[in-house]
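Commentary on secondary and tertiary structure
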Amino acid sequence: MAGDLESRLKGRVQAARRSVLTEDVYERVKSLIMNGDLEAGARVNIYAVARLLDVSQTPVREVLSALESEGLLTKEALRGYSVAPLLSSDEVADLYQLRLLLEPWAAGRAAERVTPAAAERLRAELAGVPQAPEGTRYEDYHGIAAHDARFHDLIAELSGSQALRESLRRTHCHLHLFRIEYEGRRSGEPTLAEHARIAEAVAAGGAQESEAAMRAHLTAARDRFLRIGST
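What you are looking at is a predicted structure, and each value in this text was computed from that prediction instead of being measured. (Residues numbered from 1 in each chain as written. Predicted model: local features only at pLDDT ≥ 70, side-chain atom pairs only at ≥ 80, totals over all residues. Heavy atoms only, no water.)

Some thoughts on helix α7 (residues 138–159)
What counts here: Here a helix means four or more residues in a row that DSSP labels H or I, a strand means two or more in a row labelled E, and each is numbered from the N terminus. A helix is expected to reach a length of 1.5 Å times the quantity of its residues less one.
Under the 1.5 Å per step criterion, the end-to-end length of α7 is 30 Å for 22 residues, consistent within 8% with the ideal 32 Å. A positive backbone phi angle near 85 degrees is found at Gly-160, which sits one or two residues after α7.

Regarding the layout of surface pockets
Quick reminder of the rule: Put plainly, a pocket is an open set of points on a 1 Å grid over the protein atoms alone with protein on both sides within 12 Å along at least five of seven lines, a cavity is a set where a 1.4 Å probe fits but cannot get out, and a lining residue has an atom within 4 Å of a point. Grid points are joined across faces, edges and corners, and a volume is the space filled by probe spheres set on the points. Side-chain classes follow a simple rule in which Ala, Val, Leu, Ile, Met, Phe, Trp, Tyr, Cys and Pro form the nonpolar group, Asp, Glu, Lys and Arg form the charged group, and the remainder, Gly included, forms the polar group.
Of the pockets and cavities examined, the largest pocket occupies roughly 410 Å³. Taken together, 20 residues make up the lining of the largest pocket; nearest its centre are Ala-145, Ala-149, His-172, His-174 and Leu-175. Listing elements by their share of the lining of the largest pocket, those giving two or more residues are α2 (16–34), α5 (89–113), α7, α8 (162–171) and α9 (173–180). Broken down by element, the lining of the largest pocket gets its largest block of residues, eight residues, from α7. Looking at side-chain class alone, the lining of the largest pocket contains eight nonpolar, four polar and eight charged residues. Taken as a whole, the second largest pocket spans an internal volume of roughly 210 Å³.

Thoughts on the side chain of Ser-161
To be explicit about the condition: We call two N or O atoms a polar contact when they sit within 3.5 Å, provided that within protein one can donate a hydrogen and the other can accept it, with sequence-adjacent residues counted only if both atoms are side-chain atoms. The criterion used for residue contact is that any of the two residues' heavy atoms lie within 4.5 Å.
Checked against the element boundaries, Ser-161 lands in the loop between α7 and α8. Reaching out from Ser-161, the side chain makes a polar contact with the backbone nitrogen of Leu-164 at a distance of 3.1 Å. Apart from the residues lying within four places of it in its own chain, the contact partners of Ser-161 are Trp-105 and Ala-156.

A short note on unusual backbone geometry
A positive phi angle is found at Asp-54, which is not glycine, with a value near 55 degrees. Note on placement: Asp-54 falls in the loop between α3 (46–53) and α4 (57–69). Here His-172, not a glycine, exhibits a phi torsion of approximately 50 degrees, which is positive. You can see His-172 is positioned in the loop between α8 and α9.

What about the pattern of salt bridges?
Our working rule: We define a salt bridge as a contact between a side-chain nitrogen of Lys or Arg and a carboxyl oxygen of Asp or Glu at a distance within 4 Å. A simple rule labels every residue: compare its accessible area, found with a 1.4 Å probe on the protein chains alone, to the largest value its type can have, and call it buried under 20%, exposed over 50%, or partly exposed in between.
Taken as a whole and assessed by the stated rule, the structure comprises 17 salt bridges. Asp-24 serves as the salt-bridge partner of Arg-28, at 3.4 Å between the closest nitrogen and oxygen. On the criterion of helical spacing, the pair formed by Arg-28 and Asp-24 is a turn pair, its members being four residues apart in helix α2. Note on Asp-24: relative accessible area 36%, which makes it partly exposed. In this structure, Arg-79 and Glu-76 form a salt bridge, with 3.9 Å as the shortest nitrogen-oxygen distance. Residue class for Arg-79 comes out partly exposed when judged on its relative accessible area of 42%. Through salt bridges that share partners, Arg-121, Asp-153, Glu-157, Arg-165, Glu-166 and Arg-169 make up one connected network.

Scope: geometric values only; no functional claims are made or implied.
Below, the structure is given as structure tokens:
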């Protein structure tokens, strides 16, 4: 029986140890970028990273490719990988302009389509991050950054528009914005409070209220990031 299982699945199932190793390398390299230990524009050499983390080159190649797809790294022919530049103030404003066009509509549409199960999913997402962490290292705030991505993705999913959801995913805006700076009480706490207002409006089925709550959240978030960029 065991031999039959192996013959049927050989080559189709990745070894668990390799998977865990790749995940660990991913988080460690991502932390170096998010914390600024690898500065914008810095070259990221596969061999150097492998030696730094005491791993083989194979998981490093996979991880750098994944981080490139997320926009945290760029790749040039004959030069390899480099850390992507931080968003400028103009780029932050432009990104939020796009989000203000898309996400208030998504919130309103989600409210129109809301079900008890959807409302429970929103409440569960909020309950997963009861308070904003105060630390300013990625290791401290990665939980709220992941929550931010999940929350906005959930609203987009509940809107029923797969095209809108994919459009927002491709911007990787949450990674790029949290990379600029995270300040627990000045940005984390307001973010969670604004998310709660959006969730309450959507769960209650109020389309106009949901649109307004999302618009207010995105406007406030934009202003917070632009204030950071101007200091």
